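# Chain and residue survey
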Amino acid sequence: SKSIAGESGFKFYAEEMNQAVREQMQIESSILRGLRAGEFFACYQPLFSQDGKKLVGMEALARWQHPTLGLVGPDKFIPVAEANGAIVQLGDRMLELALQNCKQWREQGYPHLTVAVNVSTRQLKDRQFAERVARQLQMVGLPPDALCCELTESLLMEHSNENTEQIFRLKELGVKLAIDDFGTGYSSLTYLKHLPVDRIKIDRSFVNELDSNPDDRAIVVAIIAMARSLHLKVTAEGVETPSQHQLLQELGCDTMQGYYFGKPMQREAFELFLLNGAQLLAGEPSDPQPEQ
Ligand code: C2E
Ligand code: MG
Ligand code: MG
Ligand code: MG
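Residues numbered from 1 in each chain as written. Chains lettered and ligands numbered in written order. Predicted model: local features only at pLDDT ≥ 70, side-chain atom pairs only at ≥ 80, totals over all residues. Heavy atoms only, no water.

### Digging into the side chain of Glu150
Keep this limit in mind: Only runs of H or I of at least four residues qualify as helices and only runs of E of at least two qualify as strands under DSSP, and these elements are numbered from the N terminus. Buried, partly exposed and exposed residues are distinguished by accessible area as a fraction of the type maximum, computed with a 1.4 Å probe on protein chains only: under 20%, between the cut-offs, and over 50%, respectively. In what follows, a contact means two residues having at least one pair of non-hydrogen atoms within 4.5 Å.
Structurally, the position occupied by Glu150 is in strand E5 (residues 147–152). With relative accessibility at 2%, the residue Glu150 sits in the buried group. If we skip the residues at most four places from it in the chain, Glu150 touches Glu59, Ala116, Val117, Asn118, Val119, Ala178, Asp180 and Lys201.

### Quick look at the site of ligand 1
To keep it simple, the criterion reads: In these notes, residues near a molecule or strand are those with any non-hydrogen atom within 4 Å of it. Two N or O atoms count as a polar contact when they lie within 3.5 Å, although within protein this holds only if one can serve as hydrogen donor and the other as acceptor, and sequence-adjacent residues are included solely when both atoms are side-chain atoms. Per-residue and other accessible areas were derived by the Shrake-Rupley procedure at a 1.4 Å probe size, with only the shown protein chains allowed to occlude residues. Lys, Arg, Asp and Glu make up the charged group, whereas Ala, Val, Leu, Ile, Met, Phe, Trp, Tyr, Cys and Pro make up the nonpolar group; the residues left over, Gly among them, are polar.
Ligand 1 sits among 23 residues. The nearest are Asn118, Asp180, Arg204, Glu240 and Tyr259. Separating an oxygen atom of ligand 1 from a side-chain N or O atom of Asn118 is a distance of 2.9 Å. At a separation of 3.1 Å, an oxygen atom of ligand 1 approaches a polar side-chain atom of Asp181. Protein burial of ligand 1: of its 800 Å² of free accessible surface, 85% is covered by the chains. For the shell around ligand 1, the secondary structure elements donating two or more residues are strand E2 (55–66), helix H2 (74–84), helix H3 (87–107) and strand E6 (176–182). Counting residues per element, the shell around ligand 1 draws most heavily on E2, at four residues. Of the residues belonging to the shell around ligand 1, the class tally is nine nonpolar, five polar and nine charged.

### A word on the environment of Lys176
Within the secondary structure, Lys176 is located in strand E6. Considering only alpha carbons, one finds Lys176 and Cys43, 133 residues apart in sequence, at a separation of 20 Å. With residues near it in sequence (within four places) discarded, Lys176 still touches Pro144, Asp145, Leu147, Cys148, Cys149 and Asp198.

### Comments concerning the packing of H3 against helix H5 (residues 129–140)
For any two helices packed against each other, the geometry is given by the interaxial angle and the distance between the axes. To keep things clear, this is the line we draw: Note on definitions: angles span 0 to 180 degrees between N-to-C directions of axes, and those axes are lines fitted to C-alpha atoms, for helices only across the stretch in contact. Oblique is the label for any angle not covered by the other classes, which are roughly parallel (under 35 degrees), roughly antiparallel (over 145) and roughly perpendicular (65 to 115). In this scheme the handedness of a crossing depends on how the near helix is turned from the far one: anticlockwise by less than a right angle means left-handed, clockwise means right-handed.
Running from amino to carboxyl end, H3 crosses H5 at an angle of 30 degrees, the nearest separation of the two axes being 10 Å. With respect to their mutual orientation, H3 and H5 come out roughly parallel. Considering how the two elements wind past one another, H3 and H5 form a crossing that is right-handed. Between H3, through Val88, Asp92, Leu95, Glu96, Leu99, Gln100 and Lys103, and H5, the contact on the second element is made entirely by Arg132, Val133, Gln136, Leu137 and Val140.

Shown next as structure tokens:
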């Protein structure tokens, strides 16, 4: 065959492309297999009270221990799972794990812990979704308000009735609802008026430069003021420094999440974190806890 100029360069490029495409295809074709094989698991990131002294719960974050690709993060597989529908099974699995672990830790001496799971719009299109959540809660033996469903703002943009129907069903059940990554979508304010949410989570892009960027600070102040007048709770995500925490506390943010308080941890590590935390907060566990 004839040789053309730049062929080897093209080959090199094509091989890199091939590898990225192959990896993508490998991910796409093996999510369901990985689910059946139990390769997906939950990491837990702690959520702390306003003063940073009390653990109030955790968010379950999906991870994949892939046999050849190694540990794969959600940015690689969630969009693929959303596109091919596997997110429905993956979401069920995450919910199952999150509820089981929350129940277990409640029984081990942390009776007020709550757990948050991320829910994709694709899952809300399933008309049985809220019912399945109710059944899972019942099977595990947790009250509905132990669970918070985090909905991603940008996805809620598709204002379809099928989505909002399941959101209202969840609300009726008594499950808590949060808007994740608040401030990054397009019509944040419009749907806040239409959806029965309990909490907003300020996107970490606004928290990042809170100390140094007056614009970010103004935005956070405005979000918290708005949340307060709508009787919504506010979580800050991506809190990495003590000064960010202090500022957010002063501004009235009621729950904190971020590397400063703890990174996402595998189950066993989170259990150690619980044990250490109980020591750090000496005296707290024996304080009378108000029934919720
Ligand atoms: P998210 O729900 O907004 O979760 C927070 C993400 O921010 C997590 O990334 C967490 O590790 C990261 N993070 C937390 N604190 C800090 C911090 O202080 N600094 C920095 N730089 N990052 C921080 P992760 O685990 O990679 O998850 C990424 C996204 O993937 C999640 O964002 C969520 O939208 C999605 N996701 C994860 N698990 C699931 C799942 O089970 N179902 C669905 N539908 N989506 C999921
Ligand atoms: Mg989330
Ligand atoms: Mg978020
Ligand atoms: Mg995020």
